Amino acid sequence: MPGKVTLVGAGPGDPGLLTRKGLEALQGAEVVVYDRLVSPAILALMPEHAEHINVGKQAARHPVPQEQINQILLDKALEGKNVVRLKGGDPFLFGRGGEELELLAQHGVAFEEVPGITSAIAAPAYGGIPVTHRDCCSSLHIVTGHQRAGKELDIDFDALVRTRGTLVFLMGVSALPQICAGLLAAGMDPATPAAVVERGTTPAQRRISAALAALPETAAQAGVESPAVIVVGGVCALAEQFDWFDRLPLKGQSVVVTRPKERAGTLSDRLRSLGAQVWEYPCIATVPLDPCPALDGAMERLGEYTWLVLTSPAGVDALWRWLADHGKDARYLGTVKLAAIGPGTDRELQKHGLKADYVPQVYDAAHLGAGLPAGGPVLILRAQEGSPALTAALAERNIGYDDVATYRTVYDNPRSGELRALVEGEGVTLVTFTSASTVKGFVSSVGEDADFSRMTGLCIGEQTAAEARKHGIPVKIAKAATMDALIDRIIEGV
Ligand code: SAH
């Protein structure tokens, strides 16, 4: 059985602009063939087990010729694979999507196309430029500014100028002077508002605005590089008023998120939506202790405990894994009272239809131990390296407890070389630390000897900050141990 090829438009860069249908196709792919314009944030969504083939084209350097790309798609589909061909923007807009389908059609291979959000509209939009506006134009023209080596631009400037519509040029950075000269020679007003939007919809986006006659010089001074779209028309004047993206609070910040992979998502998404460049480098992973006789014993005697205390979402996961492995569900917990160290752990319980009976006012181990209502023995299910502050506080109050390790934390970052390069390249302004172990994991993957003094470690609490200070990382501390407070502290600090 031959497989199928799905041509997916990845959008212009912001991972939020990948369509739902595109994401579904990507997640189901066995082979992903992608090019240069697909942003790293979207590449990170590729399934790990899938085969990844980079056929990225660099300007004037074509590592994989088009015919060969077509052949790869055909071969993989004939092997029976579910292939996703991921392309920047929309596959059919100057994306050679049509060419890639021809060979498949000839061989009767099944294919689908998932349109993407094109940079021709989205890059101007993120630069504050609506491509049409009733007051200034009644048409939009998308033109390629690509010049074949040694050839003149093949653009009918007279026709374009006559439309009086908004003009968007793709692949036009190197031909910008000729494009502007062509429009002026065809009679366009030199004062016509114009703009270049570089790396649109990404955290590195820049908009350079100028009158048409001055645009080539202004863009050259700014050092504009591809990929960028050129926009010409009255709508460009609206940018000053509508430029929402550049005004986001974290625009220009480069943030490393160190949470374990399965928990990084929401923090990263929120930082991105505030304009930050986010790098996800999970520096720790949690590994369940299996077999875990201490857990088996404690769970069999669960009825003897008054409180079941959980200090992390990973602890809740371990509890549920035990229940599932023993053919049980939430009802097995019976009447034992539940305590959670903070709202994140409580939310994890709520996913299973339960709610913590006790959450301390300050979300840390010491406050949990000091504030837990007395009355009967306590079962703590947590990491092997759990904070002694919890058990010390219980002991001081003469409350009996069993402290059972259900998982351990490992410092494991297969991409540590990349992370070190990022830290040393001065790019990183902020690193988020959501536990002391994320600090240890970060330092061990970057290397103890690195210079951390130019970045700020945003810490969820005092214990985490103490660990960061040990390694010479300047810190800021969230007002409470929650993701919301962490994000507030980041916004406040910049
Ligand atoms: N199919 C793509 C366009 C491919 S042609 C789409 O629909 O967006 C490549 C050109 O697209 C680049 O030279 C540049 O002009 C434009 N482009 C792609 N991504 C861009 C981005 N993030 N910002 C600005 N321009 C971009």
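Residues numbered from 1 in each chain as written. Predicted model: local features only at pLDDT ≥ 70, side-chain atom pairs only at ≥ 80, totals over all residues. Heavy atoms only, no water.

As annotated in an unreviewed UniProt entry, the chain carries the name uroporphyrinogen-III C-methyltransferase and is attributed to Flavonifractor hominis.

Before we go on, may I ask you to explain the environment of His-471 in this structure?
In this structure, His-471 sits in the loop between α18 (462-470) and β20 (475-477). Every residue in contact with His-471, bar those within four places of it in the chain, is listed here: Val-439, Val-443, Glu-448 and Phe-452. (Helix = DSSP H or I, 4+ residues; strand = E, 2+ residues; numbered from the N terminus. Contact = heavy atoms within 4.5 Å.)

Is there a simple way to think about the nonpolar core in this case?
Nonpolar side chains in soluble globular proteins tend to be buried together. Formed by 26 residues in total, the largest nonpolar core has its most connected members in Phe-169, Ile-179, Leu-183, Val-196, Leu-215, Ile-230 and Val-232. Going through the elements one at a time, α6 (157-163), β7 (166-170), α7 (176-185), β8 (193-198), β9 (206-211), α8 (215-222) and β10 (228-232) are the ones with two or more residues in this core. Looking at this core, the element that brings in the most residues is α7, giving four residues. Filtering out sequence-adjacent residues up to four positions away, Val-196 remains in contact with Leu-176, Arg-206, Arg-207, Ile-208, Leu-215, Ala-219, Val-224, Ala-228, Val-229 and Ile-230. (Core = buried A, V, L, I, M, F, W, Y, C linked by side-chain atoms within 4.5 Å. Buried < 20%, exposed > 50% of the residue type's maximum accessible area, 1.4 Å probe, protein only.)

Would you take a moment to explain the side chain of Asp-346 for this structure?
Along the chain, the position of Asp-346 falls in helix α13 (residues 343-350). One buried charge, Asp-346, has no salt-bridge partner; the nearest side chain with opposite charge is Lys-355, at 4.1 Å. (Lys, Arg positive; Asp, Glu negative; His and termini not counted. Salt bridge = Lys/Arg side-chain N within 4 Å of Asp/Glu carboxyl O.)

In this structure, what is going on with the pairing of strand β16 (residues 378-383)? I would like to understand it.
Within a regular strand, the side chains alternate between the two sheet faces. Of all six residues in β16, six are buried; the element is thus mostly enclosed. Read from β16 through helix α15 (residues 388-396) to strand β17 (residues 401-411), the crossover connection turns out right-handed. (Right-handed = clockwise from strand over helix to strand, strands pointing away.)

Is there a simple way to explain unusual backbone geometry in this structure?
In this structure, Pro-227 follows Ser-226 across a cis peptide bond, with omega equal to 0°. Structurally, Pro-227 can be placed in the loop between α8 and β10. Residue Arg-164 is not a glycine yet carries a positive backbone phi of 55°. Within the secondary structure layout, Arg-164 lies in the loop between α6 and β7.

Would you mind going over the sheet that holds strand β12 (residues 277-280) with me for this structure?
Pairing is parallel across the open sheet formed by five strands, whose spatial order is β12-β11-β18-β19-β20. Either end of the sheet is taken by a strand with one partner, and the two such strands are β12 and β20. The sheet shows a mean angle of 25° between the axes of neighbouring strands, direction not considered. Pairing between strand β11 (residues 254-257) and β12: four bridges, direction parallel. (Pairing = 2+ DSSP bridges. Axes fitted to C-alpha atoms, helices over the stretch in contact; angles between N-to-C directions.)

Where do I start with the site of the ligand in this structure?
Lining the immediate surroundings of the ligand are 19 residues, of which Leu-93, Thr-118, Ser-119, Gly-200 and Ala-228 lie closest. A distance of 2.8 Å separates a nitrogen atom of the ligand from a polar backbone atom of Asp-90. Between the ligand and Leu-93, the relevant distance is 2.8 Å, taken from a nitrogen atom to a main-chain nitrogen or oxygen of the residue. Coverage of the ligand by the protein chains reaches 94% of its 540 Å² of free accessible surface. Elements that contribute at least two residues to the shell around the ligand include exactly α5 (119-126) and β10. Considered class by class, the residues forming the shell around the ligand number eleven nonpolar, six polar and two charged. (Near = heavy atom within 4 Å. Polar contact = N/O pair within 3.5 Å; in protein donor to acceptor, adjacent residues only side chain to side chain. Areas by Shrake-Rupley, 256 points an atom, 1.4 Å probe, with all protein chains shown as cover. Nonpolar A, V, L, I, M, F, W, Y, C, P; charged D, E, K, R; others polar.)

Any chance you could explain the pattern of salt bridges here in plain terms?
Where charged atoms from two side chains of opposite charge approach closely, those side chains can pair. Applying the stated criterion to the full structure yields 23 salt bridges. A salt bridge links Lys-76 to Glu-79; the shortest N-O distance between them is 4.0 Å. We classify Lys-76 as buried; its relative accessible area is 14%. One salt bridge in this structure joins Arg-207 and Glu-240, with 3.5 Å as the shortest N-O distance.

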